[in-house]
Amino acid sequence: MTINSGSPATFRVALAQMRSGRSVAANIDSTVALVREAKAAGADYVMTPEMTSLFEADREKLFEVLAPEAEDTALAHLQELARSLGLWLHVGSLPIKASPDRAVNRSFVLAPSGAIAARYDKIHLFDVDLAGGESYRESESFQPGETAVLADLPWGRIGLSICYDVRFPALYRALAEAGASFLAVPAAFTHRTGEAHWHVLLRARAIENGCFVFAAAQGGRHDNGRETFGHSLIVDPWGRILGEGGTAPGIIIADIDPAEVVSARGRVPSLQHGRRFSVVEPSAEPRLHVIGAAP
Ligand SMILES: O=C(O)CNC(=O)[C@H](CS)NC(=O)CCC(=O)C(=O)O
């Protein structure tokens, strides 16, 4: 694994916490206001949450609004925003039409020129039944991506992911092994699961990979009936929380020193100590013995 020692020392990260709803125009207005606020605070890189432009639970209404990437007006607007402010704008995700009956949940890393530096389609879709009848079938409207993606920022390499992906550590290990210093987890976590798992999962991904984790979140009660957990989080490679949001829209900021990736991995080189086992399948003649088990 190589770390680019020629990278500039530090950069300022801002996460925009949002409460996106069913109006694309209103969501874009909120995004513009938050990204401008981040720029005024000196941000070099700004991330927005999953479903920045539209948080629509009704499949029919979603498909009335969806457009292919080349015709998506929200994307064009955000590219112009990145260009006019001259910063890196990581759009957590937008729903993009992929076929007559499926969308992709797609992240965009926009360069300060406004150009698309990287795009990533959410791989793991949230098809989950929670307690109390709370049920999600993301795959009814979305098709999964099949490719892990990284982007080169001026300060190092960032690995892309979205929300439910955070529960699949092998993805992040692959991104770290491909040179990521930063891991992006824009999200719209449910309140119920966020309360139980959000901080632990994000800190674990940071610690086990020696990476910074940037996780911009949706938070609060949305006009589509959903309640999301909020608590946008910036975590350093040692697992310390550098910035945290509440549930209200706003920005959080932290200054990031990429050299901390090197120092954390130097203290605990677990990335280099991985994959040192093979798995023994159960067989008629067991080769794994349980001490003290009844004969
Ligand atoms: O449906 C949309 O419009 C936008 N997509 C989402 O909100 C997605 C799929 S329902 N949410 C998650 O992945 C939450 C994961 C989560 O909460 C967990 O892993 O616990």
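Everything numeric here is computed off the predicted structure, so don't read it as measured data.

Examining the packing of helix 4 (residues 169–177) against helix 5 (residues 191–209)
- Contact pair helix 4 / helix 5: the axes reach a minimum separation of 10 Å and the direction vectors enclose 35°. In this structure, the crossing between helix 4 and helix 5 has a hand that is right-handed. Listed contacts from helix 5 to P169, Y172, R173 and A176 of helix 4 are R205, E208 and N209.
- Within the contact of helix 4 with helix 5, the residues separate by chemical class into 3 nonpolar, 1 polar and 3 charged.

As for helix 1 (residues 24–40)
- Helix length check: helix 1, at 17 residues, gives a terminal C-alpha distance of 24 Å against a target of 24 Å (1.5 Å per residue), a fit within 8%.
- Listing the buried residues of helix 1 in full gives N27, S30, T31, L34, V35 and A38. An end-on view of helix 1 places all buried positions within 125° of arc, on one side of the element. Facing away from the buried side of helix 1 by more than 90 degrees, the exposed set consists of A25, A26, D29 and A40.
- For helix 1, the elements touching its buried residues are strand 1 (11–17), strand 2 (45–47), helix 3 (73–85), strand 3 (88–99) and strand 16 (250–256).

Examining the pairing of strand 5 (residues 116–121)
- Inspection of the sheet shows strand 4 (residues 102–110) paired to strand 5 by 5 bridges, in the antiparallel sense. Paired with F108 across the strands is R119, a residue of strand 5.
- What sits between the antiparallel neighbours strand 4 and strand 5 is a turn of 5 residues, in which G114 has the positive phi angle 95°.

A closer look at the environment of L201
- Looking at the secondary structure, you find L201 in helix 5.
- Between the C-alpha atoms of L201 and R167, which are 34 residues apart in sequence, the distance is 7.0 Å.

Side note on unusual backbone geometry
- Its identity as a non-glycine residue notwithstanding, M51 has a phi of 60°, on the positive side.
- With respect to the element layout, M51 can be found in the loop between strand 2 and helix 2 (59–65).
- Classification of M51 by C-beta neighbours within 10 Å gives buried; the count is 26.

Let's talk about the site of the ligand
- The environment of the ligand is formed by 13 residues, the closest being F126, C163, Y164, A188 and T193.
- For the shell around the ligand, a count of residues per class yields 8 nonpolar, 2 polar and 3 charged.

A word on the environment of L87
- As for its position among the elements, L87 is in the loop between helix 3 and strand 3.
- L87 gets classed as buried once you count the C-beta atoms within 10 Å, which come to 21.
- Here the alpha-carbon distance between L87 and I252, two residues 165 residues apart in the chain, equals 16 Å.
- Not counting residues up to four positions away in its chain, the partners in contact with L87 are K39, A43, D44, Y45, V46, A82 and P112.

Remarks on the sheet that holds strand 15 (residues 241–244)
- Pairing is mixed across the open sheet formed by 6 strands, whose spatial order is 8-9-10-11-14-15. Each of the sheet's edge strands pairs with one partner strand only, and the pair in question is strand 8 (150–153) and strand 15. Across this sheet, the average inter-strand angle for adjacent strands is 20°, counted without regard to direction.
- In the sheet, strand 9 (residues 156–159) pairs with strand 10 (residues 180–184) via 3 bridges, with the strands oriented parallel. The partner of R157 across the bridge, within strand 10, is A180.
- Docked against the sheet, helix 4 engages strand 8, strand 9 and strand 10, running at close to 145° with respect to strand 10.

Focus: helix 5
- Between its first and last C-alpha atoms helix 5 spans 26 Å; for 19 residues at 1.5 Å apiece the expected length is 27 Å, and the two agree.
- The largest bend in helix 5 comes to about 55°, at H197.
- Here helix 5 has its buried residues at G194, W198, L201, L202, R205, A206 and N209.
- Buried residues in helix 5 make contact with helix 4, strand 10, strand 11 (212–215), strand 13 (227–229) and strand 14 (233–235).
- Two residues or fewer after helix 5 comes G210, characterised by a positive phi angle close to 60°.

Reading the values: rules and limits
Residues numbered from 1 in each chain as written. Predicted model: local features only at pLDDT ≥ 70, side-chain atom pairs only at ≥ 80, totals over all residues. Axes fitted to C-alpha atoms, helices over the stretch in contact; angles between N-to-C directions. Helix = DSSP H or I, 4+ residues; strand = E, 2+ residues; numbered from the N terminus. Left-handed = near helix turned anticlockwise from the far one by under 90°. Contact = placed C-beta atoms within 7 Å. Nonpolar A, V, L, I, M, F, W, Y, C, P; charged D, E, K, R; others polar. Expected span 1.5 Å × (residues − 1). Buried ≥ 20, exposed ≤ 12 C-beta atoms within 10 Å, placed from the backbone. Arc of directions from axis to C-beta. Pairing = 2+ DSSP bridges. Near = placed C-beta within 6 Å. Bend = angle between axes of the 7 residues up to and from the residue.

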